[in-house]
Every structure is written in structure tokens, then in C-alpha cells.
Amino acid sequence: YDINGRALLVPIRGMGLFRANLITGLFLESDYDINGRALLVPIRGMGLFRANLTNVNAHVKMNGKVIKKKGQEYFESKDTMIKLTIGETQAHFGNLFNGDSVLSEATNKFINENANDIVEEVKPAIEMVASMLLDDIANKIFKNIPVSKVFPEK
């Protein structure tokens, strides 16, 4: 992923609540295996998926609590919520329809012409996975660094 822009991170002591707003651009690449429909169009294939999302606004609310261990306070993240607003999307599914170039090109064209509607359909799943990943990453970082080191008192 590629993160551009500004980030705001505000700790609220005692509640273990962090809020951040990020302006980002995302590039996604993954293997895929699909046998389904996109806006009533059947899609089948297995291969490499690539997507470029621009003008993405991610509103992140990281919930958690401060826990004590060995005399130090540590932050534990839980139930992070990410809400995305996505500007433009370009996507490409490689090897659709077992490499049939005519069907593959037409389907990829259709997907890109309707990308905003498709993204809105799958966005809740993307937000849920991104939220779980952020909790996991945050906990790996914060379990070893006391809150006083991350957010020192003035």
C-alpha cells in the first residue's frame, strides 16, 4: 500500500481511544479464484488481480484499552473501525475465462466502467478485513512499547 497525505493521531488517556484520518492511494495485488457475478455479469477465472484506488479517504477509529504488565502501561487495540470513501478505481483480473482474451478484455472493461458500483458492493468486506489487520499490526507494535514511550507526558 501507498500512503500519501496527512495523518492525525490523538490519544485519549484512560479510554484507550485513538482516531485518525488518512488521505491515501492504494495499490492492491493478489491472487484470485472467482466463479460468480458482478452486477449480473457472470465472471469466472483464476489468476492475478490488480487494482489502483485513488482519492481514498479512510476514517479510522481505533478502540482499545490500556493494560498494565510489569509495572508499565501498554495499549491493546480491539474493534478498530475503518470507513472508506474511494474516489476512482481501476482494476484488472488476469486470466479471466481461462485466458479467453476477448471475454477477458470485455469483462475487465465492464468492471472498470462500473467500478464505483462494484466497490460499493464489496466495500464492507474490505473495511472489515482492513480493520482486523490494523488491530493485529497495532497489537504487535504496542505489546512491546509502553504507552509512555509512544505518547510521552508533556
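Predicted model, so just to flag it, every value in this text is computed and none were measured.

So, the overall build of the protein chain
Here is step 1 of the chain: Looking only at helices and strands, the protein chain features three helices and six strands.
Here is step 2 of the chain: The linear arrangement of helices and strands in the protein chain, starting from the amino end, is β-β-β-β-β-β-α-α-α.
Here is step 3 of the chain: Relative to all contacts within the protein chain whose residues are 6 or more apart in sequence, the contacts with residues 24 or more apart total 60%.
Here is step 4 of the chain: For the protein chain, the accessible surface area stands at approximately 10500 Å², while carbon and sulfur atoms represent 57% of it.

Let's talk about the pairing of strand β4 (residues 64–69)
Side chains on a regular strand alternate between the two faces of the sheet.
Here is step 1 of the chain: Sheet topology places β4 next to strand β5 (residues 72–77); six bridges connect them, and they run antiparallel. Paired with K68 across the strands is E73, a residue of β5.
Here is step 2 of the chain: As consecutive antiparallel partners, β4 and β5 are separated by two residues, and within that stretch K70 has a phi angle of approximately 50°, a positive value.

Things to note about the side chain of K123
Here is step 1 of the chain: Locating K123 in the fold gives a position in helix α2 (residues 115–142).
Here is step 2 of the chain: Among the polar contacts made by the side chain of K123, one reaches the side chain of E120 at a distance of 3.2 Å.

Side note on the side chain of D135
Here is step 1 of the chain: Among the structural elements, D135 can be located in helix α2.
Here is step 2 of the chain: Among buried Asp, Glu, Lys and Arg side chains, D135 stands out as unpaired, with K78 the closest opposite charge at 8.9 Å.
Here is step 3 of the chain: With sequence-adjacent residues up to four places away left out, D135 is seen in contact with S77, K78, D79 and T80.

Focus: the environment of E120
Here is step 1 of the chain: Locating E120 in the fold gives a position in helix α2.
Here is step 2 of the chain: A relative accessible area of 46% places E120 in the partly exposed class.
Here is step 3 of the chain: Along the chain, E120 and I86 lie 34 residues apart, while their C-alpha atoms are 8.8 Å from each other.

Thoughts on a nonpolar patch on the surface
Here is step 1 of the chain: Taken together, the side chains of M128, V129, M132, L133, I137, I141 and I145 define a hydrophobic patch exposed on the protein surface, amounting to about 630 Å² of accessible area.
Here is step 2 of the chain: With respect to the secondary-structure elements, I145 resides in the loop between α2 and α3 (147–150).

Focus on unusual backbone geometry
Here is step 1 of the chain: A positive phi angle is found at K70, which is not glycine, with a value near 50°.
Here is step 2 of the chain: As for its placement among the helices and strands, K70 is situated in the loop between β4 and β5.

Topic: the packing of aromatic side chains
Any aromatic ring pair is given by two values, namely how distant the centres are and how the planes are angled relative to each other.
Here is step 1 of the chain: Throughout the structure, instances matching the rule amount to three aromatic pairs.
Here is step 2 of the chain: Residues Y32 and F93 carry aromatic rings whose centres are separated by 5.0 Å and whose planes lie at 85° to one another, so their mutual orientation is edge-to-face. Of this pair, Y32 sits in strand β2 (residues 17–38) while F93 sits in strand β6 (residues 81–93), placing them 61 residues apart in sequence.
Here is step 3 of the chain: Classification of Y32 by relative accessible area gives buried; the value is 10%.
Here is step 4 of the chain: Residue F93 is classed as buried on the basis of its relative accessible area, which comes to 14%.
Here is step 5 of the chain: Measuring from centroid to centroid gives 4.6 Å for F49 and F93, while their planes differ by 45°, and the two rings are tilted. In this pair, F49 is assigned in strand β3 (residues 41–62) and F93 in strand β6, connecting sequence segments 44 residues apart.

Things to note about α2
Here is step 1 of the chain: At V122, α2 shows its largest bend, some 50°, and a proline, P124, comes one to four positions later.
Here is step 2 of the chain: Along α2, the positions that sit buried rather than exposed are A115, I118, V119, K123, E127, S131, D135, A138 and F142.

Parameters and conventions
- Residues numbered from 1 in each chain as written.
- Predicted model: local features only at pLDDT ≥ 70, side-chain atom pairs only at ≥ 80, totals over all residues.
- Heavy atoms only, no water.
- Helix = DSSP H or I, 4+ residues; strand = E, 2+ residues; numbered from the N terminus.
- Contact = heavy atoms within 4.5 Å.
- Areas by Shrake-Rupley, 256 points an atom, 1.4 Å probe, with all protein chains shown as cover.
- Pairing = 2+ DSSP bridges.
- Polar contact = N/O pair within 3.5 Å; in protein donor to acceptor, adjacent residues only side chain to side chain.
- Buried < 20%, exposed > 50% of the residue type's maximum accessible area, 1.4 Å probe, protein only.
- Lys, Arg positive; Asp, Glu negative; His and termini not counted.
- Salt bridge = Lys/Arg side-chain N within 4 Å of Asp/Glu carboxyl O.
- Patch = residues over 30% accessible without salt bridge, like charges linked within 9 Å, V, L, I, M, F, W, Y side chains within 5 Å.
- Phe/Tyr/Trp six-rings, centres within 6.5 Å; stacked < 30°, edge-to-face > 60°.
- Bend = angle between axes of the 7 residues up to and from the residue.

Scope: geometric values only; no functional claims are made or implied.
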